[in-house]
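Working through the structure, step by step
The lines below spell out each chain.
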Amino acid sequence: MASLLKKSLKLALVQLASGSSKTHNLANARTKVLEAARAGANLVVLPECFNSPYGTKYFDSYAETLLPSPPSEAQSPTFHTLSQLAKEAGVYLVGGSIPERDASDAKTLFNTSLTFAPSGALLATHRKVHLFDIDIPGKIKFKESEVLSPGNKITLVDLPEYGTIAIAICYDIRFPELATIAARKGAFLLVYPGAFNLTTGALHWELLARARATDNQVYVGLCSPARDMKADYNAWGHSMVVDPNAEVLQQLGEDEGVVVQELKAGRIEEVRKGIPLYTQRRFDVYPDVSEGGRFKE
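Residues numbered from 1 in each chain as written. Predicted model: local features only at pLDDT ≥ 70, side-chain atom pairs only at ≥ 80, totals over all residues. Heavy atoms only, no water.

1. Quick notes on the overall build of the protein
As a reminder, the rule being used: The helix and strand labels rest on DSSP assignments: H or I over at least four residues marks a helix, E over at least two residues marks a strand, and numbering proceeds from the N terminus. Just to be clear, the radius of gyration here is over C-alpha atoms, and the globule rule we use is 2.2 Å times residues to the power 0.38. Type-normalised accessible area, obtained with a 1.4 Å probe on protein chains alone, sets the label of each residue: buried when under 20%, exposed when over 50%, and partly exposed for intermediate values. Only heavy atoms enter the contact rule, under which two residues are in contact if any of them lie within 4.5 Å.
When helices and strands are counted, the protein shows 7 helices and 16 strands. Its C-alpha atoms give the protein a radius of gyration of 18 Å, near enough to 19 Å, the size a compact globule of 297 residues would have. C-alpha atoms of the protein, sized along the principal axes, occupy 50 × 45 × 40 Å. Residues counted as buried form 56% of the 297 residues belonging to the protein. The contacts of the protein with a sequence gap of at least 6 include a subset with a gap of at least 24, amounting to 70%.

2. Observations regarding empty space enclosed by the protein
The condition is simple: A pocket, in this scheme, is an open set of points on a 1 Å grid over the protein atoms alone with protein on both sides within 12 Å along at least 5 of 7 lines, while a cavity is a set where a 1.4 Å probe fits but cannot get out; residues line either one if an atom lies within 4 Å of a point. Grid points are joined across faces, edges and corners, and a volume is the space filled by probe spheres set on the points. Any residue that is not Ala, Val, Leu, Ile, Met, Phe, Trp, Tyr, Cys, Pro, Asp, Glu, Lys or Arg is counted as polar, Gly included; the first ten are nonpolar and the last four charged.
This model, assessed by the stated rule, comprises 1 cavity of 30 Å³ or more. The computed volume of the largest cavity comes to approximately 70 Å³. Lining the largest cavity are His126, Ile154, Thr155, Ala166, Ile167, Ala168, Leu178, Ala179, Ala182, Leu190, Val191 and Tyr192. Elements with a contribution of two residues or more to the lining of the largest cavity: strand E11 (163-167), helix H4 (176-184) and strand E12 (187-193). Its residues assigned to classes, the lining of the largest cavity comprises 10 nonpolar, 2 polar and no charged.

3. A word on the sheet that holds E11
Defined as follows: Note: two strands are recorded as paired if DSSP finds a minimum of 2 bridges between them. Orientation is described by lines fitted to C-alpha atoms, with helices fitted over the stretch in contact, and by angles between N-to-C directions that extend from 0 to 180 degrees.
Pairing in this open sheet of 6 strands is mixed, and the strands run E10-E11-E12-E13-E14-E15 from one edge to the other. In the strand order of this sheet, the two ends are held by strand E10 (155-159) and strand E15 (248-251), each with one partner. The sheet shows a mean angle of 20° between the axes of neighbouring strands, taken without regard to direction. With 3 bridges joining them, strand E14 (residues 240-242) and E15 adopt antiparallel strand pairing. Its bridge partner being in E15, Val242 is matched across the sheet by Val248. Running at roughly 145° to E12, H4 makes contact with E10, E11 and E12 of the sheet.

4. Some points on the packing of helix H1 (residues 22-38) against helix H3 (residues 77-89)
What counts is decided by this rule: Throughout this description, any angle smaller than 35 degrees is read as roughly parallel, any larger than 145 degrees as roughly antiparallel, any in the 65 to 115 degree range as roughly perpendicular, and the remainder as oblique. When the near helix sits turned anticlockwise from the far one by under a right angle, the crossing is termed left-handed; a clockwise turn instead gives a right-handed crossing.
H3 packs onto H1 with a crossing angle of 15° between their chain directions and a minimal axis gap of 10 Å. Comparing their axes, H3 and H1 come out roughly parallel. For the element pair H1 and H3, the recorded crossing hand is right-handed. Between H1, through Lys22, Leu26, Ala29, Arg30, Val33, Leu34 and Ala37, and H3, the contact on the second element is made entirely by Pro77, Thr78, Thr81, Leu85, Glu88 and Ala89.

5. Comments concerning the packing of aromatic side chains
Rule in force here: Ring pairs are drawn from Phe, Tyr and Trp, using the six-membered ring of Trp, whenever the two centres fall within 6.5 Å, and their geometry is named by plane angle: stacked under 30 degrees, edge-to-face over 60, tilted for the rest.
Considering all chains together, one arrives at 12 aromatic pairs under this definition. When the ring of Phe79 is compared with that of Phe116, the centres are 5.1 Å apart and the planes differ by 75°; the resulting orientation is edge-to-face. One end of the pair, Phe79, is in helix H3; the other, Phe116, is in strand E6 (residues 109-116), and 37 residues separate them in sequence. On the accessibility criterion, Phe116 (0% relative accessible area) is buried. Arranged with centres 5.4 Å apart and planes meeting at 35°, the rings of Phe132 and Phe142 form a pair that is tilted. In this pair, Phe132 is assigned in the loop between strand E7 (122-127) and strand E8 (133-136) and Phe142 in strand E9 (residues 140-143), connecting sequence segments 10 residues apart.

6. Examining the layout of surface pockets
One water molecule sets the probe size; rolling that probe over the atoms shows where empty space is left. Approximately 340 Å³ is the volume found for the largest pocket. Forming the walls of the largest pocket are 15 residues, and the residues nearest its centre are Thr125, Arg127, Asn152, Lys153 and Lys296. Ranked by the residues each element gives to the lining of the largest pocket, the list is headed by E7, at 4 residues. Across the lining of the largest pocket, the residue classes tally to 5 nonpolar, 5 polar and 5 charged. Taken as a whole, the second largest pocket holds about 200 Å³ of empty space. Here the residues of the lining of the second largest pocket are counted per class, giving 12 nonpolar, 4 polar and 2 charged.

7. Here we look at the nonpolar core
The cut-off we apply is this: Among buried residues, the Ala, Val, Leu, Ile, Met, Phe, Trp, Tyr and Cys ones that are joined through side-chain atoms within 4.5 Å form a nonpolar core.
If you look at the biggest cluster of nonpolar residues, it comprises 27 residues, and the most contacted ones within it are Leu190, Tyr192, Phe196, Val220 and Leu222. Put simply, the parts of the chain that give this core at least two residues each are H4, E12, helix H5 (198-216), strand E13 (219-223) and E14. Among the elements that take part in this core, H4 stands out by supplying 5 residues, more than any other. When residues no more than four places from it in sequence are discounted, the contact partners of Leu190 are Ala166, Ala179, Ala182, Arg212, Asn216, Val218, Tyr219, Val220 and Gly221.

8. Thoughts on the pattern of salt bridges
It is possible for side chains of opposite charge to pair when their charged atoms get near one another. Defined as follows: Salt bridges are identified by distance alone: a Lys or Arg side-chain nitrogen within 4 Å of an Asp or Glu carboxyl oxygen.
As enumerated under the stated definition, the model contains 16 salt bridges in all. Ionic pairing is found between Asp284 and Arg282, a salt bridge with its closest N-O pair at 2.8 Å. Judged by relative accessible area, which is 59%, Asp284 ranks as exposed. Members of the salt-bridge network, linked through shared partners, are Asp243, Glu247, Arg267 and Glu270.

Printed below as a string of structure tokens:
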């Protein structure tokens, strides 16, 4: 069986504190991505909503128009910054996510992730499929659907030298079908830029990362904003890399930082040989969810 990860890859997760200045946020991201590249990273991930504060009241004013692609610099300074940065750093770059304005309807917004090749070319766009609408009495109430619309596709990205990765955003991690489909379609890594809060982060951040790894026996990377207790929304932090056996390989704390972790070729196959889920599934008892799914065009 051919290895899902063709050769070992160094994954970097960049944990940023993003404030009110988009210009500063983009400059800060550039500094940290170049730092990760100097540390040998081949694939770098930024956090959810890294170019703006996180919060429903901010999405409209920070939104950028991405289509038709490529947008002009005026339409999307973030698109051009990420494209140039991927090329400058010589890395694959998952640009966390940004608020996106629909080109045909200015009132429609999405939470969107852009992935670029080392050439600077756009490889994939993922719009957050599951919107963060929760109400935990006495803890937190948040309703993304008040201002955002959901995406409707599963996003798989081919990195020619390495293999396939899957991109999803934050709340998407709570829906195991998305991860299972991606893994059964050959992804070696599930990437989730995400901004869990102090309530859900303490409860489920690590649990969900390890659960998706356990379910699918693949690598999982979660990339969070840094925690800022002066902000309206307090992110959990703790960006982490989890291996196919659900071991936490590395994680950050609450502050800004960069974690670089080697993902080893052959590790997925080693884990799957020891616990052979992939030959033990009973599709005569339950359906194979990977038979369905809508994928990026």
